[in-house]
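Okay, here's what each chain looks like letter by letter:
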Amino acid sequence: MSKRRLVFQFQRVVPEGPVVEVSSTDRVAVIKIGRDQKSHLRVQDDAVSRMHAVIEARADEIGVLDICIIDLGSGTTVNGLAVNKADLKVGDEFALAGVAVKLVGARVEEVPEVAETVPPKAGPTSWPAPPFATTEPVTPPTSVPPAASRRDAVPPAATDDWV
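Predicted model only: the values in this text are computed from it and were never measured.

A. Summary view of the pairing of strand β10 (residues 93-96). Both strand β7 (residues 76-78) and β10 contribute to a ladder of three bridges, which runs antiparallel. Bridged to V78 within β10 is F94. Pairing analysis gives four bridges linking β10 to strand β11 (residues 99-111), with the strands arranged antiparallel. Bridged to F94 within β11 is V101.

As structure tokens, then:
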């Protein structure tokens, strides 16, 4: 049986923004929405909480069955009505502290199976012989540069914010 992926498409309503896809290969998808960097759908607006709402969805073999949005106490509306938890369907608009977003698509798609490769077993003959022989002794370096500290490490590149 092949693996399936739930794919959701969102679009900011005013001002109209690009369509953004969020996907999950879990049977129950959990999409975090808010200002936090860990949010799946980041909304850059001071009125929106770091973790404002969550969308949960699940699917069977045919398609997406249930999609619901859960407000995390910061104020969420669906089609103009204040909600704590509400079902969503494609075409519904939800607002996070006044920032309107539309669910423009939801689908289940097949994930192509990737052939699993098995590395060769390690053994005494698995290490290749040197390409040439040397008669000169190999001397190790006299000093080893210190490893970079956490402070010196380069942070990962930030992804662009959606809205």
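The structure having been displayed, the exposition proceeds.
B. Geometry of the nonpolar core. Grouped together as the largest cluster of nonpolar side chains are 27 residues, with contacts concentrated most on F8, F10, I33, I55, I69, L88 and F94. Looking at this core, the elements with two or more residues in it are β1 (3-12), β2 (19-24), β3 (28-34), β5 (53-59), β6 (64-71), β10 and β11. Those residues in contact with F8 that sit more than four places away from it in its chain are V20, E21, V22, A29, I31, A57, I67, L103, G105 and A106.

C. The pattern of salt bridges, seen in detail. According to the stated counting rule, one finds six salt bridges in the structure shown. Put simply, E109 and R5 hold a salt bridge, and the shortest N to O gap is 3.0 Å. Here the residue E109 occupies a position in strand β11, and R5 occupies one in strand β1, the gap between them amounting to 104 residues. Residue classification places E109 among the partly exposed positions, given a relative accessible area of 22%. Residue R5 is classed as partly exposed on the basis of its relative accessible area of 25%. With a closest N to O distance of 3.2 Å, E21 and R107 form a salt bridge. One end of the pair, E21, is in strand β2; the other, R107, is in strand β11, with 86 residues separating them in the sequence. A relative accessible area of 46% means that E21 is categorised as partly exposed.

D. Examining the side chain of R42 more closely. Locating R42 in the fold gives a position in strand β4 (residues 41-42). Among the residues examined, R42 registers a relative accessible area of 6% and is labelled buried. Separated by 2.3 Å, the side chains of R42 and Q37 make a polar contact.

E. How the structure looks around the confidence of the model for the protein. Across the protein, pLDDT averages 76, with 67% of residues at or above 70. In the model, residues 122-135 has pLDDT below 50 throughout and makes one contact with residues more than four positions away in sequence or in other chains. The model gives residues 147-160 a pLDDT under 50, and that stretch makes two contacts with residues more than four places away or in other chains.

F. Focus on the environment of L96. Examined against the element boundaries, L96 turns out to sit in strand β10. Considering only alpha carbons, one finds L96 and G75, 21 residues apart in sequence, at a separation of 6.3 Å. Excluding residues that lie within four positions of it along the chain, L96 makes contacts with I33, V43, V48, H52, A53, G75 and T76.

G. Representation of the packing of aromatic side chains within the structure. Under the definition given, this model contains one aromatic pair. Centroid distance F10 to F94: 6.1 Å. Interplanar angle 85°. Geometry classified as edge-to-face. Taken together, the residues F10 in strand β1 and F94 in strand β10 connect sequence positions 84 residues apart. Classification of F94 by relative accessible area gives buried; the value is 1%.

H. Main features of unusual backbone geometry. Of note, the amide linkage connecting V14 to P15 takes the cis form, showing an omega dihedral of -10°. Its location among the elements puts P15 in the loop between β1 and β2. Positive phi, normally seen in glycine, also occurs at N79, with a value near 50°. Tracing the sequence through the fold places N79 in the loop between β7 and β8 (81-83).

Calculation criteria
- Residues numbered from 1 in each chain as written.
- Predicted model: local features only at pLDDT ≥ 70, side-chain atom pairs only at ≥ 80, totals over all residues.
- Heavy atoms only, no water.
- Pairing = 2+ DSSP bridges.
- Helix = DSSP H or I, 4+ residues; strand = E, 2+ residues; numbered from the N terminus.
- Core = buried A, V, L, I, M, F, W, Y, C linked by side-chain atoms within 4.5 Å.
- Buried < 20%, exposed > 50% of the residue type's maximum accessible area, 1.4 Å probe, protein only.
- Contact = heavy atoms within 4.5 Å.
- Salt bridge = Lys/Arg side-chain N within 4 Å of Asp/Glu carboxyl O.
- Polar contact = N/O pair within 3.5 Å; in protein donor to acceptor, adjacent residues only side chain to side chain.
- pLDDT = per-residue confidence, 0-100.
- Phe/Tyr/Trp six-rings, centres within 6.5 Å; stacked < 30°, edge-to-face > 60°.

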